[in-house]
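Coordinate analysis (summary)
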Amino acid sequence: MIIKVISIIVLPLIALIIGFFFLGLSRKVIARIHRRYGPPISQPLIDVIKLINQESISHGKLFDMGVILSLAGSVILVLFIPFGGIAPLATSGDLLVIIYLMLLAPLGVALSGGEAANPNVSIGISRKMMLALGYEVPFLFSLLAVMTWYKTTSLVEVVKAQQSFLWAIFYLPLPAVAYFMILPAMLGIRPFDIVSAPQEIASGTAVEYGGRYLALTTIQHAFHIFIDIALFVNLFLGGGNLLTFFVKMLVVFLLGLFINAVFPRLRIDQAIKYCWKWPAILALVGLIIARII
Amino acid sequence: MRELELYFGPQHLGMVGNFSITLKVEGDQILEAHANPGWLHRGFEKLMEYRTWIQNFPLVCRINVIEPDSMEMVYAMAVEKLAKIEVPERANYIRAIVLELSRLASHLFGCWAYANMLGFDTVAQWAMYHRDLILDLFEQLTGARVYHIYICPGGVRRDLPEGFKEKALNTLHTIGGCIPDYDATFFNNRLFYERAKGIGKITREEAKELGVTGQILRATGINFDIRKVEPYAVYDKVDFEIPTREDGDAYSRVWIIRDEMIQSVHTIMQCLEKIPEGEVYKRVPNPFKWNIPKGETYVRVESSRGELGLYMVSNGKDKPYRVHFRTPSYPHGLLVLEKLLKNASIADVGNIMISLYVTAPEIDR
Amino acid sequence: MNKLKKELKSSFKGIRTGILEDNRLAVSAPKDAVLPILSFLKNKGYEHLSLISCVDWIEEKELELVYVITSYLQKNDEYADNERLHILLKTRISRENPEFKTLVPIFKNAEPYERELHELFGINFEGNKRLTPLLLERAYKIPPFRKDFNTREYVKEKFDKISFVEEKKNERA
């Protein structure tokens, strides 16, 4: 019991540290690809500390609550995802819970953005919802494929089954590839940074956030990076202990970053078309194969 | 769906320069666009009426930040035409070198703006780095990085410094050697094709009707370049091609920018080879008492964005009576932009604007 | 160039032509002849309106409108002589009551130039539906690009009156 309580407190902290490390690392790596020096890896953390100390303008109750809702959704989600074998809230049906909880973060942003009544925000929200519609389809297919293959809805069981023998990526290559193909869309990085698109809609949903709100959304973003990659590592790369898990996450994240560095941004219609085409087909075929075998 | 009014600029991350577009949007579609310049209106044409001929010379380059040399060139040409000054041959070669270098810098800047707008930071940063190498050359040549104040009436301000040729060739080889990198990452990128193909399409007839010049016209297949039609400096003595394309969309405009950069590199190399010895500056009379005979003229050069013209009237005094710049972005940024933005998607506002290479300081002057 | 000059002289009355150096043909025409000449030139293939400018001849109490017309290429890779020709068509209108007809029906790209001249010289172009403010942010008594508008005086009048704002301390917005 005490271990459970401690892990409930510690796990989000670890997730936050890893998320911020990835945020800082991405800036450094991208800078090196740009032939720049780049900021120190601690820069996002410094920014957040600075932002928390700044004044911030609220646009109403819902504006505040939405930000907190999206952050809370992410924190709870972290507790369901096994990290090196630690999963404090894991139950027998946690994959289903994860699917539901993943909707909380965009919902919170949508609620708070709606209160701000900035046209850029409303366009950003509509894009976010449409993009979510796009990547949820292949995402659900690949989750279903994993669930069908291991005949369980528990993520912990999935990880255990993989650790006893081969990783799921060897049995289910197609859903794994599909998940990896939509990973940039889930993380909101190029070629799918349509939601934030600074040059088109002035950062979209983030445009009205300043000071503490921006700090909270940055923290939420750090959690978000952790969740999406950790889920991939758990589902397909066999989890691992604390160290191997982290290394696997790092590899996946860096691969995503390199894709991010060499592609421009898609338009929203092209992004949805893409998501529903190759990743969805691959994941569906993978699902059918998993069902038949 | 609700109709919204959206302000694109001047405070907008996708806006390059102080320019603003008011958009009426419904969903993701633009119903109407109004270009809204004037954020940078400094009244240069009026200011120039208050200053002597030579005092205007450091002023003209400040009209355009991106490519100041063509501004200097057009002013020097107008003054020379009115005062009937012959420019020494070597000065003409140096002018061509400077103009092509600045065209190269300006096109790299355009690549930066376009890639950056598509969210393509990697290529954008590379282009900015290469532009900086050219600015280094300018610093060695003129002592300044952005506003060079170099091409003056009567020639150029000073001769090429020692070792300039080697350094310039070195830089050009560096930039030319990176073109395959640019091709691989940007110009041949499938997503660039997806984003730019068919966007902001303008037909040949529409282009002619709206007074379009420069690469936007050449992208519709008309081989119109003032360097060929009405050669100035030494463009009749060097060999270069005018790249054209047929489609008239953003994709072909950006490709023309890329092809022109290669042509510029070749032109500069030829000029550096052929440059004769001699004077670089024809002395003008005492600049403080310099009266230019009565007359009027219209001169034009091909800047990196199109036809840059200058209408100048002298009434025989020591100051110009009237100057009026015909800047390429003026029709592009006001008429063509408004036309092309109609019924476009919000995601393509910056795409269209930057593929037209709209520079705000030129429009406002 | 001479052929065109003759044709112009024979088709339109009351015009004066002069040849400036290097393929530049200056044509002075009375007010009514301007639009017919421009459409005549457009049909001749001079279809690129480069610039509409205005010169304020304050001593003669007249504003001079200048239309610079050139041509695009007719054929690729071939530059006929007439394609290098610039035509500077000039006409004078009164300074007190500056009115002129719009050029938009003939050359579409005249619109922004006319807007600019409307704003900076106060010329009213009859028939141009969009003479809205373009570059300036406030209204001026005298259109600012006319010769009798003194920028230095204006600055003195306008900006010297603005009092300094004292910095407020210990007050956060």
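Heads up: the structure comes first, above all this text.
Before going into details, it helps to say that this report is about the structure given with it. Bear in mind that the values here come from a model prediction, so they are computed numbers and not experimental data.

Observations concerning the sheet that holds strand β7 (residues 306-314) of chain B
All names here are of chain B.
- Taken together, 3 strands build an open sheet; the order of strands is β6-β7-β8 and the sheet is antiparallel. Of all the strands in the sheet, the pair left with one neighbour each is β6 (295-303) and β8 (322-326). Sheet twist, expressed as the average angle between the axes of neighbouring strands with direction ignored, equals 10 degrees.
- One ladder, built from 5 bridges, connects β7 with β8; its direction is antiparallel. Following the sheet pairing, Val 313 is matched in β8 by Arg 322.
- Sheet strands in contact with helix α3 (residues 68-83) are β6, β7 and β8, and its direction is about 150 degrees off that of β6.

Re the sheet that holds strand β2 (residues 21-26) of chain B
All names here are of chain B.
- Reading across the sheet, the 3 strands line up as β1-β2-β3 and stay open at both edges, with antiparallel pairing between neighbours. The two strands at the open ends of the sheet, each matched to only one other strand, are β1 (3-8) and β3 (29-35). Between one strand axis and the next, the sheet turns by 20 degrees as a mean value, whatever way the strands run.
- Pairing of β2 with β3 involves 6 bridges; the strand directions are antiparallel. Within β3, the residue paired with Lys 24 across the bridge is Glu 32.
- Along the sheet face, helix α13 (residues 329-341) touches β2 and β3 and points at about 170 degrees away from the line of β3.

Quick notes on the nonpolar core
- Phe 19, Ile 21, Leu 23, Tyr 114, Phe 186 and Phe 192 of chain B together with Tyr 67 of chain C are the most contacted members of the largest nonpolar core, which totals 188 residues.
- For this core, the element with the highest residue contribution is helix α4 (residues 89-117) of chain B, accounting for 17 residues.
- Those residues in contact with Phe 19 of chain B, other than ones at most four positions away along the chain, are Phe 8, Gly 9, Pro 10, Ala 35, Pro 37, Trp 39, Gly 333, Leu 337, Met 353, Val 358, Ala 360 and Ile 363 of chain B.
- Counting residues in hydrophobic clusters, the runner-up holds 74 residues, among them Leu 11, Leu 95, Leu 143 and Leu 257 of chain A.

Looking at helix α6 (residues 164-177) of chain B
Residues and elements named next belong to chain B.
- In this model, α6 (14 residues) spans 20 Å end to end at C-alpha, consistent with the 20 Å of a helix rising 1.5 Å per residue.
- Listed as buried for α6 are Phe 164, Ala 168, Thr 171, Leu 172 and Ile 175. All buried residues of α6 lie within an arc of 100 degrees about the axis, which places them on one face of the element. For α6, the exposed residues set more than 90 degrees away from the buried face come down to Glu 166, Asn 170 and His 173.
- Residues of α6 that are buried sit in contact with α4, α5 (121-142), α7 (179-187) and α12 (250-274).

Let's talk about the interface of chain C and chain B
- If you look at the interface, chain C gives 50 residues, while chain B gives 46 residues.
- The three residues of chain C that bury the most area against chain B are Tyr 72, Leu 135 and Phe 145 of chain C, which together make up 16% of that side's buried surface.
- Counting the contacts that link chain C with chain B gives 21 residue pairs in polar contact (both at pLDDT 80 or more).
- Among the secondary structure elements, those contributing two or more residues to the side of chain C that touches chain B are β2 (24-28), β3 (48-57), β4 (62-70), β5 (86-94), α3 (110-121) and α4 (151-159) of chain C.
- Classifying every residue of the side of chain C that touches chain B by side-chain character gives 24 nonpolar, 10 polar and 16 charged.

Considerations on a negative patch on the surface
All names here are of chain B.
- Residues Glu 3, Glu 5, Glu 26 and Glu 32 make up a contiguous surface patch of negative charge.
- As for its placement among the helices and strands, Glu 32 is situated in strand β3.
- We classify Glu 32 as partly exposed; its relative accessible area is 34%.

Here's the deal with the pairing of β7 of chain B
Residues and elements named next belong to chain B.
- Taking burial as the measure, the 9 residues of β7 include 9 buried ones, the bulk of the element.
- Direction of pairing for β6 relative to β7: antiparallel, over a ladder of 9 bridges. Opposite Thr 297, over in β7, you have Met 312 as the bridge partner.
- Here β6 hands over to β7 after 2 residues, the two strands then running antiparallel side by side.

A closer look at a nonpolar patch on the surface
- Where nonpolar side chains cluster on the molecular surface, the patch consists of Met 1, Ile 2, Val 5, Ile 6, Ile 8, Ile 9, Val 10 and Leu 89 of chain A and spans about 750 Å² of accessible area.
- Residue class for Val 10 of chain A comes out partly exposed when judged on its relative accessible area of 37%.

Some words on the pairing of β5 of chain C
All names here are of chain C.
- Of all 9 residues in β5, 7 are buried, a share of seventy percent or more.
- In this structure, β4 lies alongside β5, joined through 8 bridges in antiparallel fashion. By the bridge assignment, Tyr 67 is partnered in β5 with Leu 89.

Overview of the side chain of His 148 of chain B
Residues and elements named next belong to chain B.
- Relative to the helices and strands, His 148 resides in the loop between α5 and β4 (151-152).
- The class for His 148 is buried, based on a relative accessible area of 3%.
- A distance of 2.8 Å separates a polar atom in the side chain of His 148 from a polar atom in the side chain of Asp 69.
- A polar side-chain atom of His 148 sits 3.3 Å from the main-chain carbonyl oxygen of Val 146.

Thresholds, definitions, all that
Residues numbered from 1 in each chain as written. Chains lettered and ligands numbered in written order. Predicted model: local features only at pLDDT ≥ 70, side-chain atom pairs only at ≥ 80, totals over all residues. Heavy atoms only, no water. Pairing = 2+ DSSP bridges. Helix = DSSP H or I, 4+ residues; strand = E, 2+ residues; numbered from the N terminus. Axes fitted to C-alpha atoms, helices over the stretch in contact; angles between N-to-C directions. Contact = heavy atoms within 4.5 Å. Core = buried A, V, L, I, M, F, W, Y, C linked by side-chain atoms within 4.5 Å. Buried < 20%, exposed > 50% of the residue type's maximum accessible area, 1.4 Å probe, protein only. Expected span 1.5 Å × (residues − 1). Arc of directions from axis to C-beta. Buried area = accessible area lost by both parts, 1.4 Å probe. Polar contact = N/O pair within 3.5 Å; in protein donor to acceptor, adjacent residues only side chain to side chain. Nonpolar A, V, L, I, M, F, W, Y, C, P; charged D, E, K, R; others polar. Patch = residues over 30% accessible without salt bridge, like charges linked within 9 Å, V, L, I, M, F, W, Y side chains within 5 Å. Areas by Shrake-Rupley, 256 points an atom, 1.4 Å probe, with all protein chains shown as cover. Salt bridge = Lys/Arg side-chain N within 4 Å of Asp/Glu carboxyl O. Lys, Arg positive; Asp, Glu negative; His and termini not counted. Charge placed at Lys NZ, Arg CZ, Asp CG, Glu CD.

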